[in-house]
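# Descriptive analysis of the structure
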Amino acid sequence: AQSVSQHNHHVILSEAASLELGCNYSYGGTVNLFWYVQYPGQHLQLLLKYFSGDPLVKGIKGFEAEFIKSKFSFNLRKPSVQWSDTAEYFCAVNYPSNTGKLIFGQGTTLQVKP
Amino acid sequence: DAGVTQSPTHLIKTRGQQVTLRCSPKSGHDTVSWYQQALGQGPQFIFQYYEEEERQRGNFPDRFSGHQFPNYSSELNVNALLLGDSALYLCASSWGAPGTNNEQFFGPGTRLTVL
């Protein structure tokens, strides 16, 4: 079955630390990839997306992600986190054969200590 | 420009009852998708509506049904509620036919509690 796996369920970092959240998907065909963020009390917002082209994608708020097709991975990175990055992060995949359906990972809770 | 709006914000029902949740898409959007997010989990796709028709459906029973109106707004109906239906129900809207590479914008969700 098509699925998305996020390896880290709960991450605690100090401010200025570097962040990398893992995401792997199960199917090797053409995919569209997304990272969404849910800040406390707010709705899901798109951080960045990959459809095609340069596998290194830059998003909002200094986040970036790298698509590695051979590893079926789309890891999220940020060189230096801030307290305001405390949130839940979701990786999602869209398989064009599934049209508009997004398949989400179970999420990673990031807690940044000031 | 209003984003995706959902109503109500919270809802408490008892087992066996029926519930209707509502969603208004972002201005200019014509496709609406519904997701269920259980506590501690990622959203799970329920179904998607475009041109007033259900275009794709996830692995949810027939107790879950929906509708899209000519103004693109949508309803999610759940019959014979079970305790396990307690979750945050998210609506997402996008522009263009399903399959087009357009971003889905999410609403704040409706928190459904089934007692």
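All figures in this text were calculated on a predicted structure; none of them were measured in a lab. (Residues numbered from 1 in each chain as written. Chains lettered and ligands numbered in written order. Predicted model: local features only at pLDDT ≥ 70, side-chain atom pairs only at ≥ 80, totals over all residues. Heavy atoms only, no water.)

## Considering the overall build of chain A
Stated precisely, the cut-off is as follows: Secondary structure elements are taken from DSSP: a helix is a run of H or I of four residues or more, a strand is a run of E of two residues or more, and numbering for both begins at the N terminus. Atoms counted for the radius of gyration: C-alpha only. Globule rule: 2.2 Å times residue count to the power 0.38. Three exposure classes are used, based on accessible area relative to the maximum for each residue type with a 1.4 Å probe and protein chains only: buried under 20%, partly exposed in between, and exposed over 50%. Every residue pair with non-hydrogen atoms within 4.5 Å of one another is taken to be in contact.
Broken down by element type, chain A carries zero helices and 12 strands. Sequence-ordered secondary structure for chain A, helices as α and strands as β, is β-β-β-β-β-β-β-β-β-β-β-β. Since a compact globule built from 114 residues should have a radius of gyration of about 13 Å, the 14 Å found for chain A is in line with a globular shape. Here the C-alpha coordinates of chain A stretch approximately 45 × 25 × 20 Å along the principal axes. Scored against the burial criterion, the 114 residues of chain A give a buried share of 46%. When contacts within chain A are restricted to residue pairs at least 6 apart in sequence, those whose partners lie at least 24 apart make up 56%.

## Quick look at the nonpolar core
Inclusion rule: Buried Ala, Val, Leu, Ile, Met, Phe, Trp, Tyr and Cys residues that are joined via side-chain atoms within 4.5 Å together make up what is termed a nonpolar core.
Within the largest apolar cluster, 30 residues are counted, with the highest numbers of intra-cluster contacts made by W35, L48, L76 and Y89 of chain A. Elements represented by at least two residues in this core include exactly β2 (10-14), β3 (19-21), β5 (32-38), β6 (45-50), β8 (64-68), β9 (73-78), β10 (87-94) and β12 (108-113) of chain A. The element contributing the most residues to this core is β10 of chain A, with four residues. Setting aside anything within four residues of it in sequence, one finds L76 of chain A in contact with L19, E20, L21, W35, L47, L48, F63, E64, A65 and Y89 of chain A. Within the second largest apolar cluster, 20 residues are counted, among which are L11, I46, L81 and Y89 of chain B.

## Some points on the state of the cysteines
Where we set the bar: The disulfide criterion used throughout: a pair of cysteine sulfur atoms within 2.5 Å.
Tallied over the full model, the rule gives two disulfides over all chains. Here C23 of chain A engages in a disulfide with C91 of chain A; their sulfurs sit 1.9 Å apart. Because the sign of the S-S torsion sets the handedness, a value of about -65 degrees for the bond joining C23 of chain A and C91 of chain A places this disulfide among the left-handed ones. Of the two residues, C23 of chain A sits in the loop between β3 and β4 (24-25) while C91 of chain A sits in strand β10, which places them 68 residues apart along the sequence. The class of C23 of chain A is buried, set by a relative accessible area of 0%. Taking relative accessible area as the criterion, C91 of chain A reaches 0% and is therefore assigned buried. In this model C23 of chain B forms its disulfide with C91 of chain B; the gap between the sulfur atoms is 1.8 Å. Judged by the sign of its S-S torsion, about -60 degrees, the bond between C23 of chain B and C91 of chain B is left-handed. Here C91 of chain B lies in strand β9 (residues 87-94) and C23 of chain B lies in strand β3 (residues 19-24), a separation of 68 residues in the sequence.

## Regarding the side chain of D30 of chain B
Residues and elements named next belong to chain B. What counts is decided by this rule: Residues scored as charged are limited to Lys and Arg (positive) and Asp and Glu (negative), so that His and the chain ends carry no count. Salt bridges are defined by distance alone: a side-chain nitrogen of Lys or Arg within 4 Å of a carboxyl oxygen of Asp or Glu. Nitrogen and oxygen atoms within 3.5 Å of one another constitute a polar contact, given that in protein one can donate a hydrogen and the other can accept it, and given that sequence-neighbouring residues count only through two side-chain atoms.
Position of D30 relative to the elements: it lies in the loop between β3 and β4 (31-37). For D30, which is buried and forms no salt bridge, the nearest opposite charge comes from R55, at a distance of 9.5 Å. Within the local environment of D30, its side chain forms a polar contact with the side chain of T31, the two groups lying 3.3 Å apart. Within the structure, the side chain of D30 is placed 2.8 Å from the backbone nitrogen of G96, a separation counted as a polar contact.

## Focus: the interface of chain A and chain B
We count it as follows: By buried area we mean the combined loss of accessible area, with a 1.4 Å probe, across both parts when two parts are placed together. When residue character is reported, Ala, Val, Leu, Ile, Met, Phe, Trp, Tyr, Cys and Pro are called nonpolar, Asp, Glu, Lys and Arg charged, and the others, Gly included, polar.
With 17 residues of chain A at the interface, the matching set in chain B holds 19 residues. Of the roughly 1500 Å² buried between chain A and chain B, counting both surfaces, carbon and sulfur atoms make up 54%. On inspection of chain A and its partner chain B, the count reaches zero salt bridges. Taken together, chain A and chain B are joined by two residue pairs in polar contact (both at pLDDT 80 or more). Tallying contributions element by element places β5 of chain A first for the side of chain A that touches chain B, with three residues. For the side of chain A that touches chain B, the per-class residue count stands at seven nonpolar, eight polar and two charged.

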